[in-house]
Amino acid sequence: MQFNETMEQNPKAKLLQPVWGSKFFRRDVPAAIIYDLDAIQHQVNQLKQVFPTAFHALSIKANPLPSILKPLNQAQVGLEAASIGEVYLAMKSGYEANQVVFDSPAKSVEDLEFALAAGVVINADNLSELERIDALYKELGSKSRIGLRINPQIGMGSIASSSVAGKVSKFGVPLSERESIITAFQKYKWLKGLHVHSGSQGMAIKQLVDGVKAVYSLVEDIHSVLVEQKRTLDFFDIGGGFPVSYLPEQQAPQLEQYASALAQACPLLFDGSMQLMTEFGRFVFANAGVAVSRVEYVKESGDEHVLIGHLGADFMLRTAYLPQDWPHTFSVLNKKGNPKSGAEQVYSIAGPLCFGGDFIGRSVSLPKVEAGDLLLIHDIGAYTLSMWSRYNSRRMPVVLGISNGKVQVLKKRENLTDILKFWT
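Attention here is on the structure that accompanies the text.

Cut-offs used in this document
Residues numbered from 1 in each chain as written. Predicted model: local features only at pLDDT ≥ 70, side-chain atom pairs only at ≥ 80, totals over all residues. Heavy atoms only, no water. Helix = DSSP H or I, 4+ residues; strand = E, 2+ residues; numbered from the N terminus. Rg over C-alpha atoms; globule rule 2.2 N^0.38 Å. Buried < 20%, exposed > 50% of the residue type's maximum accessible area, 1.4 Å probe, protein only. Contact = heavy atoms within 4.5 Å. Lys, Arg positive; Asp, Glu negative; His and termini not counted. Charge placed at Lys NZ, Arg CZ, Asp CG, Glu CD. Core = buried A, V, L, I, M, F, W, Y, C linked by side-chain atoms within 4.5 Å. Salt bridge = Lys/Arg side-chain N within 4 Å of Asp/Glu carboxyl O. Phe/Tyr/Trp six-rings, centres within 6.5 Å; stacked < 30°, edge-to-face > 60°. Lys NZ or Arg CZ within 6 Å of the ring centre and 35° of its normal. 1 Å grid on protein atoms, 1.4 Å probe; cavity = no way out; pocket = protein on both sides within 12 Å on 5 of 7 lines; lining within 4 Å. Points joined across faces, edges and corners; volume = space filled by probe spheres on them. Nonpolar A, V, L, I, M, F, W, Y, C, P; charged D, E, K, R; others polar. Pairing = 2+ DSSP bridges. Right-handed = clockwise from strand over helix to strand, strands pointing away. Polar contact = N/O pair within 3.5 Å; in protein donor to acceptor, adjacent residues only side chain to side chain. Axes fitted to C-alpha atoms, helices over the stretch in contact; angles between N-to-C directions.

Brief notes about the overall build of the chain
Moving on, step 1. A count of helices and strands for the chain gives 14 helices and 19 strands.
Moving on, step 2. Relative to the globule expectation of 22 Å for 424 residues, the C-alpha radius of gyration of the chain, 23 Å, shows essentially globular dimensions.
Moving on, step 3. Counting only C-alpha atoms and orienting by the principal axes, one finds that the chain spans roughly 75 × 45 × 40 Å.
Moving on, step 4. Within the span of the chain, comprising 424 residues, buried residues form 55% of the whole.
Moving on, step 5. When contacts within the chain are restricted to residue pairs at least 6 apart in sequence, those whose partners lie at least 24 apart make up 69%.
Moving on, step 6. In the chain, 42 side chains carry a positive charge and 42 a negative one; their mean positions are 6 Å apart.

As structure tokens, then:
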């Protein structure tokens, strides 16, 4: 990426112009997270256009801010929860129980009691969980729709830590246990759906399709044993994992390609006989967020230039520990928020935490950076703030939203009392 940019060449910086003149970003604000709310709505609209018959449950773990989740309820989408805490967040954000999909590999009896009583959709992770649900179902009854997660065992993607469809996985019932899976659907009359998720970001479209297709192969066999009970599968959840682009040179795949390939491989998913569900989060949120960090110091040692900023591994955990898998694009702005230009130097970008590995960028070419400049971190709308670390008791930054050129506070910056409250 060329960093000698004008405002027109850097749409991220142009988007933020309303922020610099607002009362929400002052000299004493060292960092801010900023969401393009119109871009989020655009991504949701695209999902609905490409998969018009599907129910879209956006993954809360990608972005758990109620101030963002609440307005999306009006777009007639749902939410996917990976914990009972996220189930609670979804319901407190105004979502009806049947709009919430609960996935977790470690659901406790108490979790299941809560979820069944609420009536949320539940994807059981294993056969033992089905036994727990059966006992609770007989005792409590429930309006919950319940599915079973299957590991398609198609192999790993390019990012091992986010791939979950190897021969062995912490998630789901292995597809190789085919007979046990079919027997479970025959045994439990409340079991009505299938769920699959092969991995996130490091999965090519073909791998995602192969994963869905592998689990889809169970449909006919399950229906054959349910025919005497006059039952059919009610829903098929294809999970999420659709990759996005984090670097200018990366060409992100098109969602239309994925939908077309799925329709060809698994036609029953689109004929209305089963409800199609999705769990896209990164696709909706990732490219709609940017972070701004004031450059506090620039250290020079020989040919090494190190920026010290206010966002590091506390905010970008995956980038700090697995930089080759989770790289990001950076720009530098002057104190007024305009892109800087001029001869470039190579910098390492360090965060504020007290350990040597707190770097979120290495060998990054930028125009000359000075203390007080603003570092712009692109495409941080998913899996960043939701993974905030409490190490060093750093205060979570202010979160702002921009829509139609207007700025609003989505979450206030934490104060010192908030930190004390957290630890006590």
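There is more to say, and it comes next.
What about the nonpolar core?
Moving on, step 1. Counting 109 residues, the largest nonpolar core has Phe51, Leu194, Phe236, Tyr258 and Phe285 as the members making the most contacts within it.
Moving on, step 2. At seven residues, helix H9 (residues 205–216) tops the list of elements feeding residues into this core.
Moving on, step 3. Residues contacting Phe236, with those up to four places away along its chain left out, are Leu194, Val196, Val212, Val215, Tyr216, Val219, Leu269, Met274, Gln275, Leu276 and Met277.
Moving on, step 4. Core analysis: the next-biggest nonpolar cluster, separate from the first, contains 17 residues, Ala32, Ile34, Leu333 and Leu376 among them.

A short note on the pattern of salt bridges
Moving on, step 1. Across all of its chains, the model carries 10 salt bridges by this definition.
Moving on, step 2. Note that Glu129 and Lys107 form a salt bridge whose closest N and O atoms lie 2.9 Å from each other. With Glu129 in helix H7 (residues 127–140) and Lys107 in the loop between strand S4 (100–103) and helix H6 (109–118), this residue pair connects regions lying 22 residues apart in the sequence. Both residues of the pair, Glu129 and Lys107, belong to the buried class.
Moving on, step 3. Here Lys340 and Glu370 are joined by a salt bridge, their closest N and O atoms 3.4 Å apart. Linking Lys340 in the loop between strand S14 (330–333) and strand S15 (344–350) with Glu370 in the loop between strand S16 (359–367) and strand S17 (374–377), this pair joins segments that are 30 residues apart in sequence.
Moving on, step 4. A single network of salt bridges, built from pairs that share partners, joins Lys340, Glu370 and Asp373.

Considering the packing of aromatic side chains
Moving on, step 1. Scanning the model with the defined rule gives 14 aromatic pairs in all.
Moving on, step 2. Each member of the aromatic cluster is reached from another via a ring pair, and the members are Phe51, Phe242, Tyr258, Phe270, Phe280 and Phe283.
Moving on, step 3. Geometry around Phe102 places Lys107 over its ring, the cationic atom sitting 5.5 Å from the centre.

Focus: the side chain of Ser162
Moving on, step 1. Along the chain, the position of Ser162 falls in the loop between strand S6 (146–151) and strand S7 (173–174).
Moving on, step 2. Overall, Ser162 belongs to the buried group, its relative accessible area being 10%.
Moving on, step 3. Excluding anything up to four places from it in sequence, Ser162 contacts Gly199, Ser200, Gly202 and Trp326.

Some details on empty space enclosed by the protein
Moving on, step 1. Evaluation of the coordinates by the stated rule reveals three cavities of 30 Å³ or more.
Moving on, step 2. When its volume is computed, the largest cavity comes out at roughly 80 Å³.
Moving on, step 3. Considering the residues around the largest cavity, the lining is formed by Tyr246, Arg282, Met316, Leu317, Arg318, Thr319, Trp326, His328, Ala382, Tyr383 and Thr384.
Moving on, step 4. Among the elements that take part in the lining of the largest cavity, helix H13 (residues 317–321) stands out by supplying three residues, more than any other.
Moving on, step 5. Counted by class, the lining of the largest cavity contains six nonpolar, three polar and two charged residues.

Observations regarding the pairing of strand S3 (residues 78–81)
Moving on, step 1. Residues Gly78 and Glu80 point to one face of S3 and Leu79 and Ala81 to the other, with burial holding for every one of them.
Moving on, step 2. Where strand S2 (residues 55–59) meets S3, three bridges bridge the pair, whose relative direction is parallel. Across the sheet, Ser59 pairs through a bridge with Glu80, a residue of S3.
Moving on, step 3. For the crossover that starts at S2, traverses helix H4 (residues 66–72) and ends in the parallel S3, the hand is right-handed.
Moving on, step 4. In this sheet, S4 lies alongside S3 in parallel orientation, the contact comprising three bridges.

A few points about the side chain of Arg231
Moving on, step 1. Counting through the fold element by element, Arg231 comes out in the loop between helix H10 (218–226) and strand S9 (235–237).
Moving on, step 2. Although Arg231 is buried, it forms no salt bridge, and the closest oppositely charged side chain is Asp234 at an N-O distance of 10 Å.
Moving on, step 3. Among the polar contacts listed, one links the side chain of Arg231 to the backbone oxygen of Phe185, at a separation of 3.1 Å.
Moving on, step 4. Within polar-contact distance, the side chain of Arg231 engages the backbone oxygen of Tyr188 at 3.3 Å.
Moving on, step 5. Once residues lying within four places of it in the same chain are set aside, the contact partners of Arg231 are Phe185, Gln186, Tyr188, Lys189, Leu191 and Leu226.

Digging into the sheet that holds strand S13 (residues 304–308)
Moving on, step 1. Strand order in the open sheet made by the four strands is S12-S13-S15-S16, with mixed pairing throughout. Because the sheet does not close on itself, it has two edges, and the strands there are strand S12 (297–301) and S16. Taking each pair of neighbouring strands and ignoring which way they run, the sheet shows an average axis angle of 30°.

Comments concerning the environment of Arg294
Moving on, step 1. Inspection of the secondary structure assignment puts Arg294 in strand S11 (residues 289–294).
Moving on, step 2. Sequence separation of Arg294 and Val332 is 38 residues, and the distance between their C-alpha atoms is 9.9 Å.
Moving on, step 3. Side-chain polar atoms of Arg294 contact the side chain of Glu296, separated by 3.0 Å.

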